[in-house]
Amino acid sequence: MTNKKNQQRIDTLREELDSHNYSYYVLDNPEIPDSEYDRLLRELDELEQQYPELITTNSPTQRVGATPLDSFSEVQHEIPMLSLGNAFSEQDMTDFDRRIREGVEKKNIEYAAEPKLDGLAISLLYENGLLVRAATRGDGRTGEDVTLNIRTIDAIPLKLRGENYPAVIEIRGEVVMPKSGFDKLNRQQLEKGEKPFVNPRNAAAGSLRQLDPQVTATRPLSFYSYGVGLIKGMSLPNKHSVMMGKLKLWGLRINPESRVVKGVKGCLEYYEQLAKKRNSLPDEIDGIVYKVDDIKLQGIMGFVSRAPRWAIARKFPAQEEMTKLLAIDIQVGRTGALTPVARLQPVFVGGVTVSNATLHNQDEIDRLDVRVGDTVIVRRAGDVIPQIVSVVKSKRTGKPRRFYLPDTCPVCGSETARFDDEAVTFCTGGLFCEAQRKEAIKHFASRRAMNIDGLGDKLVEQLVDEGLIHTIADLYQLNVENLVKLERMAEKSAKNLVASLEKSKKTILARFVFSLGIHSIGETTAQTLANHFTTLENIMGADEEKLLAVADVGPIVAENLMTFFNQEHNREVVEQLIAVGINWPKIKKKSANDSPLAGKTFVVTGTLETMGRNDAKAALQELGAKVSGSVSKKTDYVVVGENPGSKATKAADLGITILDEKAFTKLLTQ
Ligand code: IVH
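Reading guide: rules and limits
Residues numbered from 1 in each chain as written. Predicted model: local features only at pLDDT ≥ 70, side-chain atom pairs only at ≥ 80, totals over all residues. Heavy atoms only, no water. Helix = DSSP H or I, 4+ residues; strand = E, 2+ residues; numbered from the N terminus. Rg over C-alpha atoms; globule rule 2.2 N^0.38 Å. Buried < 20%, exposed > 50% of the residue type's maximum accessible area, 1.4 Å probe, protein only. Contact = heavy atoms within 4.5 Å. Pairing = 2+ DSSP bridges. Axes fitted to C-alpha atoms, helices over the stretch in contact; angles between N-to-C directions. Disulfide = S-S within 2.5 Å. Near = heavy atom within 4 Å. Polar contact = N/O pair within 3.5 Å; in protein donor to acceptor, adjacent residues only side chain to side chain. Areas by Shrake-Rupley, 256 points an atom, 1.4 Å probe, with all protein chains shown as cover.

(A) Here's a closer look at the overall build of the chain. The helix and strand tally for the chain stands at 24 helices and 24 strands. Relative to the globule expectation of 26 Å for 670 residues, the C-alpha radius of gyration of the chain, 37 Å, shows a markedly less compact shape. Along the first, second and third principal axes, the C-alpha atoms of the chain reach 105 × 70 × 50 Å. Of all 670 residues assigned to the chain, the portion counted as buried reaches 48%. Sequence separation of 24 or more characterises 68% of the internal contacts of the chain that already satisfy a separation of 6 or more.

Have a look at this one:
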């Protein structure tokens, strides 16, 4: 390509890239996928590498400078960057509107209403359309030159669009870190073992304070403009909202929630609307800024000390407040998980008084390094559960000790346990712990466990609440007489329940082990354990070595079993269950020598009285028999229950041994 052609291609690429950037950030309407944008940028970069003499400082490839600074230099703001007066209530707003109406002697005032972004104020100086300097607000008169860092923010144009912008214009606005970018950045910080940022504003400020622009370039920063400072070569339009419209045409991002509202009524309505939306907005906002829209009227109102009289910031209730951590209590959940709960000096935050916050688990306590007596920052955003965001270490007095979750359950005294790859600490007294008993009993009664017909979740709750049962063993002490005393319990249902409890006593070992609800022991593991150890005593007495020798039993299952059966309370409940008559057929090791059933093929059909078909299958498998779904010449036995299907007839035709339930149970227990 000739140099002219290259120059043309480079110009086209730059224009296209600028225009896509504009569609993406300002119009909020991306035209091409990110991959296509990256492809255009790569093409431009390659051409520029080839022809370095064609590089310009405002090329989209030149956002990130390579050399870090030693320090930031000072910038004097020719027009001071002001702050705003605050309003906290409807009354404050009514007063503000009255002051304006009286000041300008007009009845109805229009206000430009904009979200008050929680980031940091920045001044951008454009000369002949090019970004020549960016500065922080500093103390309002002197800020720091952060041009190199600001250039890395894609939402800020290096060059204004169009032609009719003034020769010099200083645009002011807020650099923010969107919530999604903040969450991602904090995940990365944690992965790298670095401290997470406390909130998006701190993260944005920290990112702009980097001396190395390459670091800033990796941070998800964005920008919205909200006003102008210095302007030369053009007079201001008559309205703030019109000025904002112009900035938008020149390629600057304006908050899409901005509106012009009428009078105090309009201000209050806008507040209600935005407060509702607050949590679903992409950026953190801490209130609303109302500005008199008419610039001539702004001039009449003027300034008081360092804030304009023509604008005000109506604050939302703070979502973060400082308070004292009075104690850390432990709650034991239904599943046995121990949750540390922070008891706080009551504090008004996010619109409610907060006196408790969850600390989740030991990892979170360690991450925050929070200790009793500390001053902490509490955050409550919308309906979200209050969180402790950080500890104000400078306010720590004395030498409070680190906090550790207890070794024993505060509810039942059983040992607690935690595994390396799990965040939760839990109580191992599953059968005894009051906090867990409802869940333990529901699990025990469930279909796949002891299958106690008529004992649903509601009834379990009722039985526990009425104090009729404390543990699963107590279920077997229930009788019709005390059951009928319960609300909504008819004699017939009571009788049925007692009957199904009686029926449930006949079970198989695998089911019994599963129904104890031991952490990480599901049906399959229970079955494996039953097959391997053949008796409950063997399972309860197995040490780690013996447990790990079982196929599919890993260290977590081993540890869970041991800690569970090590708890005196759990053992007692198991003994009581055996004492009330829960029983199962003896298991013979499934070796060909030991069991006459080993290697035999069974088919089970029809309904069995004393056990479900799945139990029958499991019991057979424990004895080394195979269970098949269809009858063939290879079938050795067909077990026939009530209402058998065609399988029974086929078995008879083929001359296969047919067993009724009685004969079958005898075979199992011999
Ligand atoms: S106008 C004279 N508009 O709030 C008006 N400020 O307390 C000066 N802020 O440091 C600012 N969002 O960083 C204005 N939509 C908005 C704003 C906003 C956030 C910040 C700004 C300033 C502080 C004033």
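(B) Region of the structure containing the sheet that holds strand β3 (residues 110-117). The strand order across the open sheet formed by five strands is β2-β13-β10-β3-β9, and the pairing between neighbours is mixed. Looking at which strands have only one partner, the edges of the open sheet turn out to be β2 (86-87) and β9 (259-262). Sheet analysis places strand β10 (residues 285-292) next to strand β13 (residues 311-315), joined by five bridges and oriented antiparallel. Its bridge partner lying in β13, Gly-287 is registered against Lys-315. Each of β3, β9, β10 and β13 touches helix α9 (residues 263-277); the most contacted strand, β9, lies at about 135 degrees to it.

(C) Summary view of the state of the cysteines. Applying the stated rule across the entire model yields zero disulfides. With no disulfide of its own, Cys-412 has Cys-427 as its nearest cysteine by sulfur position, at a separation of 3.6 Å. Left without a disulfide partner, Cys-433 is nearest to the cysteine sulfur of Cys-412, which lies 3.8 Å away. For Cys-433, a relative accessible area of 0% corresponds to the buried category.

(D) Here's a closer look at the site of the ligand. Near the ligand the following residues occur: Leu-84, Glu-114, Pro-115, Lys-116, Leu-117, Ala-121, Arg-137, Glu-174, Tyr-226, Val-289, Lys-291 and Pro-308. A distance of 3.2 Å separates a nitrogen atom of the ligand from a polar backbone atom of Pro-115. Here Leu-117 contributes a backbone N or O atom positioned 3.1 Å from a nitrogen atom of the ligand. Computed on the free molecule, the ligand has an accessible area of 520 Å², of which 86% lies beneath the protein chains in the complex. At the level of secondary structure, the elements contributing two or more residues to the shell around the ligand comprise β3 and β10. Tallying contributions element by element places β3 first for the shell around the ligand, with four residues.

So far we have only geometry, and geometry alone does not tell us how the molecule works.
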